[in-house]
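One letter stands for each residue in the lines below.
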Amino acid sequence: MHDVIIVGARCAGAATALLLARRGVRVLLVDRAAFPSDTVSTHLLHPTGVARLRSWGLLDPLLAGGCPPIDSISFRAGEDLVLRGAPYACDGIALSLAPRRTVLDAMLVEAAGAAGAEVREGASFQRVVWEGGRVVGAEFGGRSAFVERAALVVGADGRHSAVARQVGARVIRDAGTFGCQFYGYWQGLPDVGTQIFVGGGQAVLAYPTHGGDHLVLVGWPHARFAEAKQDIDRHFLAAVAASAPGVAEYLTADARSGPISGSGDLGNYIRESAGPGWVLVGDAATAKDPVTAQGIGDAFAQAQSLADRLPAALAAGPQAVDVATAAHAADRERDSATAFETTLTFAMGGNSAALLPVLRKIESRPDLISMFYGIYAGQVTMEEFVAAVG
Ligand SMILES: Cc1cc2nc3c(=O)[nH]c(=O)nc-3n(C[C@H](O)[C@H](O)[C@H](O)COP(=O)(O)OP(=O)(O)OC[C@H]3O[C@@H](n4cnc5c(N)ncnc54)[C@H](O)[C@@H]3O)c2cc1C
């Protein structure tokens, strides 16, 4: 008998498993993938997420493993606006990172295992087990089929969560899909931090990741997804050449480290995320367009919130567990409401024209430039920023 079964072992599930196992909770962590395993994500982590990794003792190993620290950002918009600054600090850390998911997720899974969680890979969740109106376990197939019981089943199985479907979790806000993103990796770009180029109906970003690679990404409105996908190399390289010629010159075939990946499956939604014997975390609970790059940091925050509440509740019995998961879900909804709306505004391309005159006022104010980046990280609201600019 486990206390908790967690379905999905990436940044939401493995982080939850790690934190619970460290508190002595008996955790079964299951994923159909085997780690290290990649997933579609441009994996930029704001200082909020970096600070969590530090508090979990995982920042130093990540840096020591060759994940380059990113301590500067440049933002170019329109004809001539250039903002240079540092990421907005969180708990004294003004650092972003872009750890490959093959590294980050595997590190979390390994740390969860080292903390005492039982990890089963290559097993696919099939259905939850109900008893007396509450979830009391889960059934898995795959290389070996098994059924396990637990006081709580955590769905950390991403956007198309089968756990959410099984427990009947309603989508309580479906805000639609506005963007699509494509990205690839190239060697040899100079490390000048995160570069952002916005304008002409697209955004181009470049930042360093492991092994001398830079991730270069292009974001378009979703209407361009189908057409771009047909001939992605041509569309991608043309977009970078138009918005960021200084980056485009490095994107040669020889310097390329792999294929261009991407997704148009970027819907913005919030699901009901707790019920009797079950709870959802990460993208299973809520997801936003990656324009603000908050998904991984949000998953970490949810893992922390759940792990802070559960151990005492598990000791007190099923009703206490349901109270704890309901409180966790209510806090998540309240805490993330503003970031959700801000992300929608950015994803819809709103604000750009209105923002330019405001941004021109801060070109020589590194403190306010950092604060502007804090909007993307969900640390600062647009209203707070505009008020600070005056
Ligand atoms: C194009 C793109 C770019 C992005 N860029 C960023 C970015 O720069 N920064 C950022 O913070 N976020 C970004 N995101 C969002 C981020 O990737 C997600 O928010 C994050 O991966 C969510 O983590 P998760 O653990 O909740 O789910 P996932 O990462 O989706 O992991 C779910 C896990 O569940 C497993 N699983 C699913 N179904 C089953 C099943 N039936 N049985 C067993 N296992 C199962 C899967 O194998 C997977 O390992 C981006 C997303 C996309 C699509």
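Below is a short write-up of the structure. (Residues numbered from 1 in each chain as written. Predicted model: local features only at pLDDT ≥ 70, side-chain atom pairs only at ≥ 80, totals over all residues. Heavy atoms only, no water.)

What about the side chain of S273?
Within the secondary structure layout, S273 lies in the loop between β15 (268-271) and β16 (274-275). Setting aside anything within four residues of it in sequence, one finds S273 in contact with W278, V279, L280, A285, A329 and R332. (Helix = DSSP H or I, 4+ residues; strand = E, 2+ residues; numbered from the N terminus. Contact = heavy atoms within 4.5 Å.)

Some points on helix α12 (residues 366-376)
Think of an α-helix as 3.6 residues a turn; residues three or four steps apart then line up on the same face. Taking burial as the measure, the eleven residues of α12 include nine buried ones, the bulk of the element. Three or more residues of α12 are buried, namely L368, I369, S370, M371, F372, Y373, G374, I375 and Y376. Immediately beyond the C-terminal end of α12, within one or two residues, lies G378, with a positive phi of roughly 80°. (Buried < 20%, exposed > 50% of the residue type's maximum accessible area, 1.4 Å probe, protein only.)

Considerations on the site of the ligand
Near the ligand lie 28 residues; those nearest to it are D31, T42, F125, D283 and I296. One of the backbone nitrogen or oxygen atoms of R32 is found 3.2 Å away from a nitrogen atom of the ligand. Taking S41, its side chain carries an N or O atom lying 3.0 Å from an oxygen atom of the ligand. Contact with the protein chains removes 91% of the 1000 Å² of surface that the ligand exposes when unbound. (Near = heavy atom within 4 Å. Polar contact = N/O pair within 3.5 Å; in protein donor to acceptor, adjacent residues only side chain to side chain. Areas by Shrake-Rupley, 256 points an atom, 1.4 Å probe, with all protein chains shown as cover.)

Side note on the nonpolar core
Residues L53, W56, L108 and F300 are the most contacted members of the largest nonpolar core, which totals 54 residues. Examining the composition of this core, we find that nine residues originate from one element, helix α9 (residues 295-316), more than from any other. Ignoring sequence-local partners within four residues, the contact set of L53 consists of L45, L58, L59, L62, L104 and F300. By size, the runner-up hydrophobic cluster in this structure holds 32 residues, among which are L81, Y185, I369 and Y376. (Core = buried A, V, L, I, M, F, W, Y, C linked by side-chain atoms within 4.5 Å.)

What to know about the packing of α9 against helix α10 (residues 318-347)
Two numbers describe how α9 lies on α10: the axes approach to 8 Å, and their chain directions differ by 160°. As judged from the angle between their axes, α9 and α10 are roughly antiparallel. Viewed along their axes, α9 and α10 form a crossing whose handedness is right-handed. Two secondary-structure elements touch here, α9 through Q302, S305, L306, R309, L310, A313, L314 and A316 and α10 through A320, V321, A324, T325, A327, H328, D331 and R332. Across the contact of α9 with α10, the residue classes break down as nine nonpolar, four polar and three charged. (Axes fitted to C-alpha atoms, helices over the stretch in contact; angles between N-to-C directions. Parallel < 35°, antiparallel > 145°, perpendicular 65-115°, else oblique. Left-handed = near helix turned anticlockwise from the far one by under 90°. Nonpolar A, V, L, I, M, F, W, Y, C, P; charged D, E, K, R; others polar.)

Examining the sheet that holds strand β18 (residues 286-287)
Spatially, the three strands line up as an open sheet ordered β9-β15-β18, and their pairing is antiparallel. Of all strands in the sheet, those bounded by a partner on one side alone are β9 (171-176) and β18. The pairing of β15 with β18 spans two bridges and is classified as antiparallel. In the strand pairing of β18, I270 is matched with T286. (Pairing = 2+ DSSP bridges.)

Section: unusual backbone geometry
Cis rather than trans, the peptide bond between F35 and P36 has omega equal to 10°. Inspection of the secondary structure puts P36 in the loop between β2 (27-31) and α2 (47-55). One non-glycine residue, H43, lies in the positive phi region at around 45°. Here H43 lies in the loop between β2 and α2. A positive phi angle, near 50°, is found at D91, a position not held by glycine. Residue placement: D91 occurs in the loop between β4 (81-85) and α4 (101-114).

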